[in-house]
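Secondary and tertiary structure notes
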Number of protein chains: 2
Amino acid sequence: MERYRRLNIKLTPQRLAILKHLEGNKAHPSADEIYKSVKKKYPTMSFATIYNTLEALKEKGNIRELKIDPAKKRYDPDMSPHHHIICTKCSSIFDVYKDFDIRLPEETAGGFKVSGKNIEFFGTCRKCK
Amino acid sequence: MERYRRLNIKLTPQRLAILKHLEGNKAHPSADEIYKSVKKKYPTMSFATIYNTLEALKEKGNIRELKIDPAKKRYDPDMSPHHHIICTKCSSIFDVYKDFDIRLPEETAGGFKVSGKNIEFFGTCRKCK
DNA sequence: TATCAGATTGGAATCGTTATTGTAAAGACC
DNA sequence: GGTCTTTACAATAACGATTCCAATCTGATA
């Protein structure tokens, strides 16, 4: 509860439900999945609240928005630096906790000030193989 | 013209206009941008034709669909292996022609059969700096 | 507890994308 | 060439994800 206060966002029952759903969630859920889940407890929950809360959390740096799935945005509450590996068959996403020390040579960067990187591996998962 | 025939898709005036717009295009255009461009010459051009053609080209392996921009799909006619760097301010995308030899250790892959990777750098471009 | 900035709601609008449908072109066979 | 069958096309309508908006409500602070 104290850690929620540290988020510096106004806490409401709806937001707490969303936070609770996200906490420790490794499923990289979409807005729709969060909605379906929290609606059980809060039947009046609206999509606007989901999106507003996710946007607020994103701006405060508490969740990451993943661009992996072209069909919809997915969110990742795990802010520790990590990458992802996606199964091209079942679309499930897993975390890759390994740091790759790759850098862009000055001449390749072309005046860019690089602030970060994302690596996305793809292949077939154990189940789909 | 001969290279277009090699694509193994039926060539129509609309498709040729789209192909011409894509050829050598380094702007990583979205469907909307292609639409706006070819509409000048073909006022009856519809979005469906754009999407159908892009899908056909993608399936034949002639263009790549980029998932970099969460707001919309972008397409890259450059099929040579390369990565991208995105400006977080103006959303422009540039190519990174450098190979990074990174591999997932067996234990990290967790049963995954890795078939490829994408690296996406982000930062601020020369203009936005 | 009174106040108010910020949050919620629900519906409608928007935007990117996909499915449907009518039509035209391309083959196949005689 | 003429009919039948099949395929591909473009336009329209439909769809799903996301955003916007106005009215109402509420958590946090004084």
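Residues numbered from 1 in each chain as written. Chains lettered and ligands numbered in written order. Predicted model: local features only at pLDDT ≥ 70, side-chain atom pairs only at ≥ 80, totals over all residues. Heavy atoms only, no water.

1. A look at the packing of helix α2 (residues 13–22) of chain A against helix α4 (residues 47–59) of chain A
Residues and elements named next belong to chain A. This is how it is decided: Interaxial angles span 0 to 180 degrees and are taken between N-to-C directions of axes, which are lines fitted to C-alpha atoms, for helices over the stretch in contact. Helix numbering and strand numbering both begin at the N terminus, where a helix is a DSSP run of H or I of at least 4 residues and a strand a DSSP run of E of at least 2. Angle categories are assigned with fixed cut-offs, so that under 35 degrees is roughly parallel, over 145 is roughly antiparallel, 65 to 115 is roughly perpendicular, and the rest are oblique. Working rule for handedness: look at the near helix, and if it is turned counterclockwise from the far one by less than a right angle, call the crossing left-handed; if clockwise, right-handed. Here, two residues are considered to be in contact whenever any of their heavy atoms come within 4.5 Å of each other. Residues are grouped as follows: nonpolar covers Ala, Val, Leu, Ile, Met, Phe, Trp, Tyr, Cys and Pro; charged covers Asp, Glu, Lys and Arg; every other residue, Gly included, is treated as polar.
Where α2 contacts α4, the axes come no closer than 10 Å and their chain directions differ by 65 degrees. When the axes of α2 and α4 are compared, the pair comes out roughly perpendicular. Here α2 runs over α4; the crossing is right-handed. Across the interface between the two elements, Q14, R15, I18, L19 and L22 from α2 touch T49, I50, T53, L54, A56 and L57 from α4. Residues that form the contact of α2 with α4 fall into these classes: seven nonpolar, three polar and one charged.

2. A short note on the domain arrangement of chain A
All names here are of chain A. Under the convention used in this document: What marks off one domain from the next here is an automatic or database domain assignment. Buried area: the accessible area, evaluated with a 1.4 Å probe, that two parts lose upon being put together, summed over both parts. Salt bridges, as used here, are contacts in which a Lys or Arg side-chain nitrogen is within 4 Å of a carboxyl oxygen on Asp or Glu. Counted as a polar contact is a pair of N or O atoms within 3.5 Å, where, for protein atoms, one must be capable of donating a hydrogen and the other of accepting one, and residues adjacent in sequence contribute only when both atoms are in side chains.
Under the domain assignment used here, chain A contains domain 1 (2–73) and domain 2 (83–123). Look at where the C-alpha atoms of domain 1 and domain 2 centre, and you get two points 24 Å apart. The interface is formed by five residues belonging to domain 1 together with eight residues belonging to domain 2. Each partner contributes to the roughly 630 Å² buried at the junction of domain 1 and domain 2, and carbon and sulfur atoms together form 53% of this total. The largest contributions to the domain 1 side of the interface with domain 2 come from H28, R64 and I68, which together make up 74% of the buried area. Residue D95 pairs with K26 through a salt bridge whose shortest N-O separation is 3.9 Å. Here domain 1 is connected to domain 2 by five residue pairs in polar contact (both at pLDDT 80 or more).

3. Brief notes about the layout of surface pockets
Selection rule: The way it works is a 1 Å grid over only the protein atoms, where trapped points that fit a 1.4 Å probe form a cavity and open points with protein on both sides within 12 Å along at least five of seven lines form a pocket, and then any residue with an atom within 4 Å of a point lines it. Grid points are joined across faces, edges and corners, and a volume is the space filled by probe spheres set on the points.
Quantified by volume, the largest pocket comes out at close to 1300 Å³. Considering the residues around the largest pocket, the lining is formed by 49 residues, among which K67 and E120 of chain A together with K67, I68 and E120 of chain B are closest to the centre. Among the elements of the structure, β1 (64–66), β3 (83–87) and β5 (113–124) of chain A together with β1 (64–66), β3 (83–87) and β5 (113–124) of chain B are those that each provide at least two residues to the lining of the largest pocket. Broken down by element, the residue count for the lining of the largest pocket peaks at six residues, all from β5 of chain A. Taken together, the residues of the lining of the largest pocket break down into 20 nonpolar, 13 polar and 16 charged.

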